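Letter by letter, the chains look like this.
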Amino acid sequence: MTKNTHYAVFKGRRPGIYDSWRVTRKQVHKFSGAKYRGYGSLAEAKKAYGRHMTSIREKTPQRASAKALAKRMAFKEYLYSREKVFQSIMKLKYGVDYKIPDYMTGE
């Protein structure tokens, strides 16, 4: 039987890799749903923890970035509508042809 020299804490107070049971225990003791495992070497622990982190990234939906994109697009449309209003005012009130900047029209 191989002695565990390193521990991977997948779910605990502070997930990560630890080199002693004493420190690992502090991260998982009385933590509901704690997940951890001991390994015979640092390389094994890093490999397992890396696989775990990769699987989490693949499962995590990218909703935050989609929401942020939607907000940016809505704000851009709002700014464009303000430019259209400004263009109309300049034409009607002052008789000036105001050209909306290219960065607003996407041209």
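Keep in mind that this is a model prediction, so the values were computed, not measured. (Residues numbered from 1 in each chain as written. Predicted model: local features only at pLDDT ≥ 70, side-chain atom pairs only at ≥ 80, totals over all residues. Heavy atoms only, no water.)

1. A look at the pattern of salt bridges
Step number 1: The full count for this structure, using the stated rule, is one salt bridge.
Step number 2: The partner of Lys 91 in a salt bridge is Asp 97, with the nearest N and O atoms 2.8 Å apart.
Step number 3: Asp 97 gets classed as exposed once you look at its relative accessible area, which sits at 62%. (Salt bridge = Lys/Arg side-chain N within 4 Å of Asp/Glu carboxyl O. Buried < 20%, exposed > 50% of the residue type's maximum accessible area, 1.4 Å probe, protein only.)

2. Quick word on the sheet that holds strand S2 (residues 16-18)
Through backbone hydrogen bonds, the strands of a sheet pair up, either in parallel or in antiparallel fashion.
Step number 1: What the three strands build is an open sheet, ordered S2-S1-S3; its pairing is antiparallel. Lying at the two open borders of the sheet, with one neighbouring strand each, are S2 and strand S3 (35-39). When the angles between neighbouring strand axes are averaged without regard to direction, this sheet yields 20°.
Step number 2: Relative to S3, strand S1 (residues 6-11) is paired through five bridges, and the arrangement is antiparallel. Bridging from a neighbouring strand, Lys 11 pairs with Lys 35 of S3.
Step number 3: Seen against the sheet, helix H1 (residues 21-28) touches S1, S2 and S3 and runs at an angle of roughly 10° to S1.
Step number 4: Against the sheet, helix H2 (residues 42-59) makes contact with S1, S2 and S3, and its axis sits at roughly 10° relative to S1, the strand it touches most. (Pairing = 2+ DSSP bridges. Helix = DSSP H or I, 4+ residues; strand = E, 2+ residues; numbered from the N terminus. Axes fitted to C-alpha atoms, helices over the stretch in contact; angles between N-to-C directions. Contact = heavy atoms within 4.5 Å.)

3. Focus on the packing of aromatic side chains
Step number 1: Tallied over the full model, the rule gives five aromatic pairs.
Step number 2: Relative to Trp 21, the ring of Tyr 7 has its centre 5.6 Å away and its plane inclined at 55°; by these criteria the two rings are tilted. Placement of Tyr 7 in strand S1 and of Trp 21 in helix H1 is noted, with a sequence separation of 14 residues between them.
Step number 3: Aromatic side chains Phe 10 and Tyr 49 sit 6.3 Å apart centroid to centroid with 20° between the ring planes, which places their arrangement in the stacked category. Here the residue Phe 10 occupies a position in strand S1, and Tyr 49 occupies one in helix H2, the gap between them amounting to 39 residues.
Step number 4: Given the relative accessible area of 18%, Phe 10 is considered buried. (Phe/Tyr/Trp six-rings, centres within 6.5 Å; stacked < 30°, edge-to-face > 60°.)

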